[in-house]
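# Topology and contacts: notes
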Amino acid sequence: MGFNNRFWLPLSISALVFAAGVLNSGIANAQTTPSAAQCEQYNDLFDYGIIGESGFEYGNNSEINDNVIDGTGNTPTPIGQVETVDLQFPPLSPSTFPSSQTGGADLVNATTIAPGSYGTISTDKRGNATPLVTFSGGGTYYIEELTFEGRDSEAQLGPGDYFIERLDLDNNSYINIVPQGQVRLFVRDYIIGDNNIFVNSSGPVGDMLVFLYDGAYVNLGNYNEGGASNTVINFNGLIYSPFASTSVTLGNNNNYQGAILTPGTITVGNNTNFDYSPEVQEDLLEAIGCGPQPSIHHLRIRHPQSVVSCYSAVVEVLACADASCSQLYNGNVAVDLSAGANGPVWQGGDVVSSNGASATLNFANGSGVAGLQWPAGGTATLAATGSSPAPVAASQCVDSSGTVATDCTVDFNTAGFIVAAADGQSTIPSSFAGVDFTTTLRAVQTNTTTGACEARLSGPQAVELAVQCSNPTQCQAGQEYQVNGETVALNNAGSTLNYSVFNLTFDSSGTTTLTNNYTDVGLLRMHARVDLNASANGNPTVNDPSLVLVGTSLNDYVVKPHTLTVQALDSSGQPVAATTDSGAGYAAAGESFSAIVRSFNANGQVTPNFGNEVTPLAVSASFDSVAYPLPSHPNADASKLQLPNPFTPSGSLAGAYASDAVVWNEAGTVNLRAALPNNSYLGGGDAFSRPPSPIGRFYPAHFTLLTGSVTDSCSAGDFSYMGDAAALLDATLEARSVDNLRLYNYGEYYVGTAVLTSVVRNTPADTSADDFTSRWQATLPTTWIDGQLLLAVNDATLQKRADLTPDGPFTAIEVGLQVASEIDNRDFLPAQVTLTTLSGDAVPLSGELNLVYGRLALDNSYGPESSNLPVALRAEYWNGELFTTHPADQCSGYDPVNLAVVDYIDPITTTPGGAPGTLIDGTVGTAPLFWTAPTGTPAQGEFRFELDVPSFLEYPWQDPDGTTYNDPRAFGGFGEYRGNVRKLSEQDLTQ
């Protein structure tokens, strides 16, 4: 494991410098740690997980742990069989809700709300902004009401305790915990929510604990996009109450991970899915304070193997909770230490008492530190002679890296080298890969009278330097450690050291400054040595002996990652760059993929030792933001990210930790942010940069037709005229993920959304000669909104043939939808594509169209000059052999203003009359058209007239003179009928 180097500080003459953590105690009055007896009761309750002692009711197809719930009783056991139990429920603390502490300022869309007392805190939909409130956490809140007034609202709760009288959630509401940590909600009256409520969906289950007071209840609506098999979690945590007056009600399709424990009632709807695995049970017991009690497995003594005796040896004692010391025991510990020989003295740090070479350390944070001094020099042998609590295994000694076992001895040399920080006194702080950092090399000797450090040499010296890789223990080929621009030999831990020679100049204090740079990462130790020849000591006849001056860095120091990124991997296991509005997409939304957290130095080069640490690091990645599209939909949040598996060292990519089965359940490109455990690399602190890392583009897995139908333009007659752009297409389509979730990001800001086209076929089947491909026309919208495309088309039609030759009728036209284009070539599921046409397969809409070739026709009219002359108008359609009256036409309109005289054969005067109307059974109805009786002289005579009709009811007519026209014409006459001398003879040019 990586150890915290903050304790490895040099001792000044007077004291050892050390640090202590402070525990925030802002949650006074809140649920206390359960007693042993209460933990027994909790253990009994958590054996079941879902208990409504006064009543448990469940809907159809409900499951727990993938087991169908069956039977009657008050608890569905984790295997699904409903039983009846009678158990004890430990009380709440405080036992009554502190109503006197609520009340205060009302806040709307407030952020970074500090602990305190408040009235109503609410979200409010304003413009395009996401309704959001955030709480800083770190203490206790007293709130009268937290209410979401606008769908897609979100509350981000910082870890802490929240006493809330009422919590009211609108549709599509989210409660997330930011940053990660435990939130405890104490509810006086209720938590109520509409549909699609998400509480702690992607956090640890033990981070959300809800406690209900007497008479309180929870009532949450349906999850409209879910089912028993859905993986999106609606509520993730614990709901607990010791009061029989409480109730918990969930609507249909909710996915609940965690426990509900109440002596009251529980009611859940259809398709409820409970996840109460042994892991969830263990996490909740630990969260409530009844997890397994830790113990000390062994003590581990971490120490330098040698030190110049004018310095103190800093010794750290670790209370290891397991054999590998990957976990520490955090209870109170008292350890008796011995340095063996007479002479060394303990002082500083966590020493509470000492007597020469013996001392007692008290600590409670998993480790304690002490300084061992021996100015006169010698070899001390370290041992833990006693401990409370007592460990179960023997003590171990390791060197200052924490990774190499030692013989527990510390050599105090009266002269030697010390590699220290830039001030020449302190431990070397951590630095970043590829970034210069400064250290000092000091050649010192101990004044055995005063114990002070004095210079051992000065001036130019040929000094040998070596760097050892302590953790990881193997240095990587191709990596460089440079001092003053020259390369230093790198050495694996435990190997014989290989040195490099440097010409250095020491000042009068025996100090020289070194500029260091390491391209890789890890815990390092620098070694220095110099051969000193025999030299005069002030007596002309006596020389000091030749010797080798040696020494190491004052501490093992950390070189950290400069930049940590998250990268997605392609099918061959190689990193793949993200794309946004262009380039190739990466994967379907909801499709599992592999990702890595990778370390780079300041030059952008991979640091290959990241991932080779002695104890693998618990690196992680989390949702940061949406990179594309922007703005993104409020639903595209952390709840759409699934990281079920931990990151482990990659076996194929250098400098990386890898995880598989990662899922992003939305469209677009998501930013993930990498993190180190406790934001620290080997105890040396965080990386210099952990930027948002884009992953994707994620595209729809498929499109789904939810509803769709076609309606003839003349619904009263169940037909449409060819060329009449008025048939109706209505449809609702959604872009869906692999898990069949709607992709809200697939909308107006997502470039390259699917463009659809419609195609048709007839029964009996049309042929290529019918040319439906070019004749069918419908203008389909192209703008997707929040993952949906709504079609409300009112201009669909089958155009007449280009040569206007009548054909049809086509009485069973089926209409289907195809994807014409999409940036990632996405399509419908094959199971929906069931309509076969000459234009390709398509997804069918319900209903059929009856398309006929139609025209309006006029008959010649004659009558007395004393009366109005009726106009005989009728609709005709081609029945496959000839035109005949179309009695189904109840829709075509007419208006006298569209009548006009083409020419007067006799000089009479007449005008059109009547009222606008609609054909009945294909002919003029009760509001007939007419020509007014002539006025003036002459009163008798003939004229030719026409009716201006819609283009789709025009027809290529031709008179005997060869004149063609499109609107229907006829003769009218007032007075004595003169036969057909001037009667118009019309020809049908299509027959």
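Structure: see above.
Residues numbered from 1 in each chain as written. Predicted model: local features only at pLDDT ≥ 70, side-chain atom pairs only at ≥ 80, totals over all residues. Heavy atoms only, no water.

## A few points about the packing of helix α1 (residues 36–46) against helix α2 (residues 278–287)
One way to put it is that α1 packs onto α2 with a least axis distance of 11 Å and a crossing angle of 155°. Here α1 is positioned roughly antiparallel relative to α2, judged by the angle of their axes. When you trace α1 past α2, the crossing you get is right-handed. For the pair α1 and α2, the contacting residues are Y42, N43 and F46 in the first and Q281, L284 and L285 in the second. Here the residues of the contact of α1 with α2 sort into four nonpolar, two polar and no charged. (Axes fitted to C-alpha atoms, helices over the stretch in contact; angles between N-to-C directions. Helix = DSSP H or I, 4+ residues; strand = E, 2+ residues; numbered from the N terminus. Parallel < 35°, antiparallel > 145°, perpendicular 65-115°, else oblique. Left-handed = near helix turned anticlockwise from the far one by under 90°. Contact = heavy atoms within 4.5 Å. Nonpolar A, V, L, I, M, F, W, Y, C, P; charged D, E, K, R; others polar.)

## Some words on the sheet that holds strand β69 (residues 854–859)
Taken in spatial order, the three strands of this open sheet run β69-β72-β73, and their pairing is antiparallel. With partners counted over all chains shown, the strands left at the sheet margins are β69 and β73 (883–885), one partner each. Averaged over all pairs of adjacent strands, the angle between their axes in this sheet comes to 40°, without regard to strand direction. The sheet contact formed by β69 and strand β72 (residues 872–878) spans six bridges and is antiparallel. (Pairing = 2+ DSSP bridges.)

## With respect to the state of the cysteines
On inspection of all chains with the given rule, the structure shows six disulfides. Note on cysteine connectivity: C39 is disulfide-linked to C290, with sulfurs 2.1 Å apart. As the torsion about the S-S bond is roughly -85°, the C39-C290 disulfide counts as left-handed. Of the two residues, C39 sits in helix α1 while C290 sits in the loop between α2 and β23 (298–302), which places them 251 residues apart along the sequence. Residues C39 and C290 agree in their burial class; the two are buried. Covalent S-S linkage joins C310 and C453, the inter-sulfur distance amounting to 1.8 Å. Taking the sign of the S-S torsion, about 100° here, the bridge from C310 to C453 comes out right-handed. With C310 in the loop between β24 (306–308) and β25 (313–320) and C453 in strand β38 (residues 453–455), this pair connects stretches of sequence that are 143 residues apart. C453 sits in the partly exposed class, given a relative accessible area of 27%. (Disulfide = S-S within 2.5 Å. Buried < 20%, exposed > 50% of the residue type's maximum accessible area, 1.4 Å probe, protein only.)

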